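# Commentary on secondary and tertiary structure
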Amino acid sequence: MILSALGSLGALVVAAPVIPGVATKTRALLTGRRGPPLWQPYADLRKLMRKGATYSTTTTWAFRLAPLAVVATTLLASAIVPLDGRRGLVSFTGDAVAFAYLLGLGRFLLVLGALDTGSSFEGMGTSREVSFASLVEPGLFVALVALGVATERLSLTGMFGMELWQRWPVVAPSVILLAVSLFVLMLAECARVPVDDPSTHLELTMIHEVMVLDHSGPDLAFILYANALKMAVFAALILDLIVPRAALGAWGSAAVLVGALIASGIAVGIVESSMARLRMPKVPLFIAGGTALGLFGLILLLQ
Amino acid sequence: MESLSQLLLFLVVFTDFAVLGSSRLSACIRAVALQGLLLGLLPPVLFGSVSLHVLALAVGTVLVKAVVLPAFLRWAIREASVRREVDPLVGYLPSLLLGVIALAASFAVANVLPVRAGYSDLLIPAALVTVVIGLIVLITRAKALTQVVGYLMLENGIYLFGLTQLQRVPFLVEVGVLLDVFVGVFIMGIVVFHINREFDSISAANLTRLHE
């Protein structure tokens, strides 16, 4: 059991950068271009890891801590998620809250690091990032509460694992709603297109990119990797909701997980090439729409 | 059949929220047209049998609600050269919130109503929420055209409610209701057109200034 959870975690950690790669490739193909190769994110990470980092003299330890902290918290959060469709590596009652706030802690430390630079531009970026994050969090909790109601469990292993599949025939409509809701939240949480454009470098519209502007070299690599890992974690959560994997072996479910990462990359790419980034006042509406889907699922369960 | 009707009713609720959340008139009209199509598909799916009564109702509904009325509303937009944006008196986010509250309330109310849906337990909540969201759109959007859209949604909700009693309501009554809606929307469209000619805008607030 532990081995299968470890195997899936390993697959997730290795394959996470596939998602942005596939998303970029899908977007390029759909708009009639060839696009960078699929392993481009790996090449980028390798390039950044070999570079040196530059630190401004006004920064302190908070700035240097941020990239490591964001990777560490995301890894811890992914250890709680039942990545192999059965159980998480770590599981305890109420770990759903720990999951949400590990992601929150990573963001908080990243924000601290950005504020540490003393740049007013980064201050603006953090205020944007935090104001949208504060909308994503209730949405995430609505989804978690709904799954808690559906399975009567308080840990992610219970919510997304075997218990869910025993009740699946009864709760299927709301679980599918929750999966869509989680996809919307993933786009917002990981700074993808309708909310933020990862390829833009226009000061007026940047959200997430602003905060990481001063990070360079390995630090930037850590931040990019953590973002990919976060997307992979969300993709794994969605996979747990819509595909049962209890019957598969350790290798099978790890392979399905990697397939799901590729599929979510394609989904993100399709969304990115079919719609433009929303105007900033419209973003709360988009996130609220996702939350409303989750609430709809919750209402169906409470009926 | 059960799960298919469930899916259709889900989609009806989604179109409700699409109208609440969209800022473009044409998007609202498209959502209402889709809703009309779904309502037309519902009776054969719900009852599982295709009698002449059910089939005629389905075809009539699709024709009027998904084809004729949306086309007419689009004509009104084009002819009156209305600005393509919805003028919400209550913002999109609060109206979405109101919609969710309406959804919760209609599920709560549907449980205690002494009506038996008979076909699908989602039917009555979907009907109630469509009525309430139709009302919300009617009240909170300034433009006369969006009010027509709200009125259409209101009527769609009543139609959904009527589906619970379909076996008992004679065909003529159904057709009469459909005709009523058609004429109602038609008159509203003409009125919208004239308000626009008179005031160069279709804000319903101008109605208070109409004189002989």
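Bear in mind the structure is a predicted one, so any value in this text is a computation, not a measurement.

Rules used in this analysis
For every chain, the first residue of the written sequence is number 1, and numbering continues from 1 onward in sequence order. Both sets of labels track the order of writing: A upward for chains, 1 upward for ligands. pLDDT decides what is reported in this predicted model: residues at 70 or higher carry local features, side-chain atom pairs at 80 or more are listed and counted, and totals for whole chains, interfaces and linings draw on all residues regardless. To qualify as a helix, a DSSP run of H or I must reach at least 4 residues; to qualify as a strand, a run of E must reach at least 2; elements of each kind are numbered from the N terminus. Counting other C-beta atoms within 10 Å of a residue's own tells you its class, since 20 or more makes it buried, 12 or fewer makes it exposed, and anything in between is partly exposed; those C-beta atoms are placed from the backbone. Contacts here follow a simple rule: the backbone-placed C-beta atoms of the two residues must lie within 7 Å. Any residue outside Ala, Val, Leu, Ile, Met, Phe, Trp, Tyr, Cys, Pro, Asp, Glu, Lys and Arg is labelled polar, Gly included; the first ten of those are nonpolar and the last four are charged. The score called pLDDT rates the predictor's confidence residue by residue, from a low of 0 to a high of 100. Working definition: the nonpolar core is a set of buried Ala, Val, Leu, Ile, Met, Phe, Trp, Tyr and Cys residues, joined through C-beta atoms within 7 Å. Note on method: axes are straight lines fitted to C-alpha atoms, helices fitted across the in-contact stretch only, with angles between N-to-C directions ranging 0 to 180 degrees. By definition in this entry, angles of less than 35 degrees are roughly parallel, angles greater than 145 are roughly antiparallel, angles of 65 to 115 are roughly perpendicular, and the rest are oblique. By definition, any crossing whose near helix is turned counterclockwise from its far helix by less than a right angle is left-handed, and any crossing with a clockwise turn is right-handed. One fewer than the residue count of a helix, multiplied by 1.5 Å, yields its expected span.

## Some thoughts on the overall build of chain B
- From N to C terminus, chain B includes 7 helices and 0 strands.
- Traced from its N-terminal end to its C-terminal end, chain B shows the element sequence α-α-α-α-α-α-α.
- Counting over 212 residues, chain B shows a buried share of 40%.
- Long-range pairs, those at least 24 residues apart, make up 74% of the contacts in chain B with a sequence separation of at least 6.

## Here we look at the interface of chain A and chain B
- Residue-level contacts link 10 residues of chain A with 11 residues of chain B.
- If one sorts the elements of the side of chain A that touches chain B by residue count, helix H12 (residues 283-302) of chain A sits on top with 8 residues.
- Taken together, the residues that form the side of chain A that touches chain B break down as 8 nonpolar, 2 polar and no charged.

## Side note on the environment of Met206(A)
Residue and element names in this part refer to chain A.
- Relative to the helices and strands, Met206 resides in the loop between helix H8 (162-189) and helix H9 (208-211).
- Overall, the presence of 22 C-beta atoms within 10 Å leaves Met206 in the buried class.
- As a C-alpha pair, Met206 and Met280 span 74 residues in sequence and 9.8 Å in three-dimensional space.

## Concerning the confidence of the model for chain A
- Confidence along chain A averages 90 in pLDDT terms, with 99% of residues attaining 70 or more.
- Ranking the helices and strands of chain A by mean pLDDT puts helix H3 (residues 40-50) of chain A first, with 95, and H9(A) last, with 85.

## Some details on the environment of Val191(B)
- By the secondary structure assignment, Val191(B) is in helix H7 (residues 171-199).
- C-alpha of Val191(B) to C-alpha of Ala144(B): the two residues are 47 residues apart in sequence and 8.9 Å apart in space.

## Observations regarding the nonpolar core
- Residues Ile19(A), Ala232(A), Ala235(A), Ala236(A) and Val149(B) are the most contacted members of the largest nonpolar core, which totals 149 residues.
- Ranked by residues supplied to this core, first place goes to helix H10 (residues 218-242) of chain A with 19 residues.

## Regarding the packing of helix H5 (residues 123-140) of chain B against helix H6 (residues 144-163) of chain B
All names here are of chain B.
- It is the contact of H5 with H6, at a shortest axis distance of 7 Å, that shows an interaxial angle of 165 degrees. In terms of orientation, H5 and H6 fall into the roughly antiparallel class. The hand of the H5/H6 crossing is left-handed.

## Things to note about H10(A)
- For H10(A), spanning 25 residues, the distance from its first C-alpha to its last is 36 Å, which sits close to the expected 36 Å at 1.5 Å a residue.
- Across the 25 residues of H10(A), 23 count as buried, placing the element largely inside the fold.

## So, unusual backbone geometry
Residue and element names in this part refer to chain A.
- You will see that Glu152, though not glycine, has its phi angle at about 55 degrees, which is positive.
- Note on placement: Glu152 falls in the loop between helix H6 (120-151) and helix H7 (156-160).
- For Glu152, a count of 10 C-beta atoms within 10 Å gives the class exposed.
- Phi is positive for Ala191, close to 60 degrees, though the residue is something other than glycine.
- Within the secondary structure, Ala191 is located in the loop between H8 and H9.
- Taking the number of C-beta atoms within 10 Å as the measure of exposure, Ala191 has 21 and is therefore buried.

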